[in-house]
Amino acid sequence: EADIYQTPRYLVIGTGKKITLECSQTMGHDKMYWYQQDPGMELHLIHYSYGVNSTEKGDLSSESTVSRIRTEHFPLTLESARPSHTSQYLCASSDISEQFFGPGTRLTVL
Amino acid sequence: AQSVTQLGSHVSVSEGALVLLRCNYSSSVPPYLFWYVQYPNQGLQLLLKYTTGATLVKGINGFEAEFKKSETSFHLTKPSAHMSDAAEYFCAVSEPGGGNKLTFGTGTQLKVEL
């Protein structure tokens, strides 16, 4: 079944740790996105990619980085986590007109 | 630049009553419009979308929305609320040819009471 997956679903980690949030999709989409969502707030685009080896920063500045080495895989990395990075991170991919979202990763940095 | 305004961060209705969630947008070109629903600790699920054609769009779970260009609105309605409709609803806009990047509204939390 074509879908979009995110792991881990929940992550609690200490300040200064390096973390990678995984996102994979089996729909063959070229376009993929990362959004950050604080509780009760709207989603803000932090990174997007239009294909392999293509990555761009989104509307909201983020200290995270992304890579796109394979079409199906779009991981997000924080080199040194801080409490200000505590948030929910949602990954999405899109076809010609619609975005499909993963279940999200809820990150808590202590 | 695009923007989306959702009036009312919290809406409460009785079960069986009409649901109306408001969305107004600003866009320099005719946009694509979307409504997404988010249940607690989950991702977003598409309810419906308008790209071109008929301005009244029907979606899943009995929801529909009407694109009104003159009012720059895309309000979401459902004739009869069900308890399972309680969730967060997001309106979003994208610019055709703009890489499908979405701009979201701040969301409306729908509460359904007995």
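Everything quoted here is computed from the prediction, not taken from an experiment. (Residues numbered from 1 in each chain as written. Chains lettered and ligands numbered in written order. Predicted model: local features only at pLDDT ≥ 70, side-chain atom pairs only at ≥ 80, totals over all residues. Heavy atoms only, no water.)

Novice: Lay out the overall build of chain A with the relevant residues and their values.
Specialist: Secondary structure summary: chain A contains zero helices and 11 strands in total. Counting helices and strands in the order they occur from the N terminus, chain A gives β-β-β-β-β-β-β-β-β-β-β. Counting only residues that meet the buried cut, chain A has 47% of its 110 residues in that class. In chain A, once contacts between residues fewer than 6 apart in sequence are set aside, the share between residues at least 24 apart is 53%. Only carbon and sulfur atoms are counted for the fraction: they give 53% of the accessible area of chain A, which is about 5300 Å². (Helix = DSSP H or I, 4+ residues; strand = E, 2+ residues; numbered from the N terminus. Buried < 20%, exposed > 50% of the residue type's maximum accessible area, 1.4 Å probe, protein only. Contact = heavy atoms within 4.5 Å. Areas by Shrake-Rupley, 256 points an atom, 1.4 Å probe, with all protein chains shown as cover.)

Novice: Quick one: what's the story with the overall build of chain B, residue by residue and with numbers?
Specialist: Along its length, chain B carries zero helices and 12 strands. Counting from the amino terminus, chain B carries its helices and strands in the arrangement β-β-β-β-β-β-β-β-β-β-β-β. The C-alpha radius of gyration of chain B comes to 13 Å, within 12% of the 13 Å expected for a compact globule of 114 residues. In terms of overall dimensions, chain B has C-alpha extents of about 45 × 30 × 20 Å along its principal axes. The buried share of chain B, taken over its 114 residues, is 45%. Nonlocal contacts in chain B, meaning residues at least 24 apart in sequence, comprise 56% of its contacts between residues at least 6 apart. For chain B, the exposed area adds up to about 5300 Å²; of that, 52% sits on carbon and sulfur atoms. If the 8 positive side-chain charges of chain B are averaged to one point and the 8 negative ones to another, these points end up 5 Å apart. (Rg over C-alpha atoms; globule rule 2.2 N^0.38 Å. Lys, Arg positive; Asp, Glu negative; His and termini not counted. Charge placed at Lys NZ, Arg CZ, Asp CG, Glu CD.)

Novice: I'd like to hear about the interface of chain A and chain B, residue by residue, with values.
Specialist: Listed as interface residues are 25 residues of chain A and, on the opposing side, 20 residues of chain B. Taking both partners together, chain A and chain B bury about 1700 Å²; carbon and sulfur atoms supply 48% of that area. Area buried by chain A at its contact with chain B is led by Glu42, Ser97 and Phe101 of chain A, which between them contribute 27% of it. Between Glu98 of chain A and Lys49 of chain B there is a salt bridge, with its nearest N and O atoms 3.3 Å apart. (Buried area = accessible area lost by both parts, 1.4 Å probe. Salt bridge = Lys/Arg side-chain N within 4 Å of Asp/Glu carboxyl O.)

Novice: Explain the side chain of Ser73 of chain B residue by residue, including any values.
Specialist: Here Ser73 of chain B shows up in strand S9 (residues 73-78). Those residues in contact with Ser73 of chain B that sit more than four places away from it in its chain are Cys23, Asn24, Tyr25, Glu66, Phe67 and Lys68 of chain B.

Novice: Tell me about the confidence of the model for chain A, and name the residues and values.
Specialist: In the predicted model, chain A carries a mean pLDDT of 93, and the fraction of residues at 70 or more is 98%. Mean pLDDT across the secondary structure elements of chain A bottoms out at strand S10 (residues 99-101) of chain A, with 92, and peaks at strand S3 (residues 19-25) of chain A, with 97. (pLDDT = per-residue confidence, 0-100.)

Novice: I'd love a proper account of the packing of aromatic side chains, names of residues and values included.
Specialist: One pass over the structure, following the stated rule, counts 12 aromatic pairs over all chains. Seen from their ring centres, Tyr36 of chain B and Phe104 of chain B are 6.1 Å apart, and the 50° between their planes marks the pair as tilted. With Tyr36 of chain B in strand S5 (residues 32-38) and Phe104 of chain B in strand S11 (residues 102-104), this pair connects stretches of sequence that are 68 residues apart. Overall, Tyr36 of chain B belongs to the buried group, its relative accessible area being 0%. Given the relative accessible area of 6%, Phe104 of chain B is considered buried. Linked through ring pairs, Tyr33, Tyr35 and Phe101 of chain A together with Phe34, Tyr36, Phe90 and Phe104 of chain B together constitute an aromatic cluster. Lys31 of chain A extends its terminal NZ or CZ atom over the ring of Tyr50 of chain A, reaching a point 5.7 Å from the ring centre. (Phe/Tyr/Trp six-rings, centres within 6.5 Å; stacked < 30°, edge-to-face > 60°. Lys NZ or Arg CZ within 6 Å of the ring centre and 35° of its normal.)

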